[in-house]
Amino acid sequence: MPETVIETSQLTKEYIRDEFHVVALKDVDIRMQKGEFVALMGPSGSGKSTLLHLIAAMDRPTDGEILVLGQNLRALSDRAIAHWRNEHIGFIFQSFNLIPVLSAIENVELPLKLTNLKKKERIEHATTALNLVGLGDRLGHLPKQLSGGQEQRVAIARAIVTDPDLILADEPTGNLDAGSAQEVLTLLSRLNKEFGKTIILVTHDPHAASFATKIRHLEKGELLPEGQVPDDWAHTASAASVAPDKLKHVAT
Ligand SMILES: Nc1ncnc2c1ncn2[C@@H]1O[C@H](COP(=O)(O)OP(=O)(O)OP(=O)(O)O)[C@@H](O)[C@H]1O
Ligand SMILES: [Mg+2]
């Protein structure tokens, strides 16, 4: 029987400061099953990052309900929520967010410092994660000694080292060249297919979205029904049906 891992009901996030009022997310009902790989698309400002942050418990909604892995996130204290996030969520950022003064293995070890694991076990787990992303020979390198694609793979190793149930990636290929992007997308696809990870990938890139098994669209803070795309999507959608090697040709 399918296991529901994300369930939101009328999820809403508003930003209010003085006369300034933005409804970033409005009445979003989304349900995801374990093992799904969903690409979340939509114009800039449509609320993609906001939704991802709420699911990752990095931010709190202003209204509505949110259940992730059966946990009502609104019921958790700030302290409990940080631990919950560390245990269950692997988050991958567009700009990698590695700590510059720490080596690759030290960056990957970081989330394990909040667990009961001993140093030796932490290093073993971090090494396994870095091997999985193909960086077993770069353990001692600092971020600045790595290429962008390698930095993002370290960030992926850091995201998976705790063996999280859910991997959330916010434009993870946005800062990468085509070859590195392909490596990162292939890796996400493997994590989904071989390791059964549930993944949400926010992207503007139709090619990246094609790695997912389902695409959902946000428009002005509202989640469109499955199969529906924003009104101005026709142009991009036709680009998506063109093979990636042809896209380059179209762009030039
Ligand atoms: N901390 C904040 N304070 C005020 N407004 C915010 C804040 N964060 C986001 N917003 C607003 O909420 C809306 C949704 O932002 P969000 O970052 O979720 O969009 P996005 O779809 O991720 O866009 P992009 O594709 O450019 O990353 C935007 O109008 C944005 O200006
Ligand atoms: Mg964003």
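See the structure printed just above.
The structure reproduced in this document is the subject of the present report. Bear in mind that the values here come from a model prediction, so they are computed numbers and not experimental data.

**With respect to the site of ligand 1**
Then step 1. Around ligand 1, the surrounding shell consists of Tyr-15, Val-22, Ala-24, Gly-42, Ser-44, Gly-45, Ser-46, Gly-47, Lys-48, Ser-49 and Thr-50.
Then step 2. Elements represented by at least two residues in the shell around ligand 1 include exactly β2 (20–28) and α1 (48–55).
Then step 3. The leading source of residues in the shell around ligand 1 is α1, at 3 residues.
Then step 4. The residue makeup of the shell around ligand 1, split by class, is 3 nonpolar, 7 polar and 1 charged.

**Here we look at the pairing of strand β4 (residues 37–41)**
Then step 1. The buried fraction of β4 amounts to 5 of the 5 residues, a majority that puts the element mostly inside the structure.
Then step 2. Neither face of β4 is left uncovered, since the one carrying Phe-37, Ala-39 and Met-41 and the one carrying Val-38 and Leu-40 both have all their residues buried.
Then step 3. As paired elements, β4 and strand β9 (residues 198–202) share 4 bridges and run parallel to each other. Counterpart to Phe-37 in the pairing with β9 is Ile-199.
Then step 4. Here β4 runs beside strand β10 (residues 214–219); their pairing, made up of 4 bridges, is parallel. Following the sheet pairing, Val-38 is matched in β10 by Lys-214.

**Focus on α1**
Given 3.6 residues per turn, any residue in an α-helix points the same way as the ones three and four places further on.
Then step 1. Taken across its 8 residues, α1 has 6 buried, putting it largely inside the fold.
Then step 2. The complete set of buried residues in α1 reads Lys-48, Thr-50, Leu-51, Leu-52, Leu-54 and Ile-55.
Then step 3. Looking one or two places after α1, you find Ala-57, whose phi comes out positive at around 60 degrees.

**Here's the deal with the packing of helix α5 (residues 148–160) against helix α6 (residues 178–193)**
For any two helices packed against each other, the geometry comes down to the angle between their axes and how far apart the axes lie.
Then step 1. Two numbers describe how α5 lies on α6: the axes approach to 9 Å, and their chain directions differ by 20 degrees. Viewed along their axes, α5 and α6 adopt a mutual orientation that is roughly parallel. For the crossing formed where α5 meets α6, the hand is right-handed. Contacts from Gly-148, Gly-149, Gln-152, Arg-153, Ile-156 and Ile-160 in α5 reach Ser-180, Glu-183, Val-184, Leu-187 and Leu-191 in α6.

**Things to note about the sheet that holds strand β8 (residues 166–170)**
Then step 1. Strand order in the open sheet formed by 6 strands is β7-β8-β9-β4-β10-β11, and the pairing between neighbours is mixed. Since the sheet does not close on itself, it has two edges, and those belong to β7 (89–92) and β11 (222–223), each with one partner.
Then step 2. Relative to β7, α5 is tilted by about 165 degrees, and along the sheet it contacts β7 and β8.
Then step 3. Against the sheet, α6 makes contact with β4, β8 and β9, and its axis sits at roughly 155 degrees relative to β9, the strand it touches most.

Criteria and thresholds
Residues numbered from 1 in each chain as written. Chains lettered and ligands numbered in written order. Predicted model: local features only at pLDDT ≥ 70, side-chain atom pairs only at ≥ 80, totals over all residues. Near = placed C-beta within 6 Å. Helix = DSSP H or I, 4+ residues; strand = E, 2+ residues; numbered from the N terminus. Nonpolar A, V, L, I, M, F, W, Y, C, P; charged D, E, K, R; others polar. Buried ≥ 20, exposed ≤ 12 C-beta atoms within 10 Å, placed from the backbone. Pairing = 2+ DSSP bridges. Axes fitted to C-alpha atoms, helices over the stretch in contact; angles between N-to-C directions. Parallel < 35°, antiparallel > 145°, perpendicular 65-115°, else oblique. Left-handed = near helix turned anticlockwise from the far one by under 90°. Contact = placed C-beta atoms within 7 Å.

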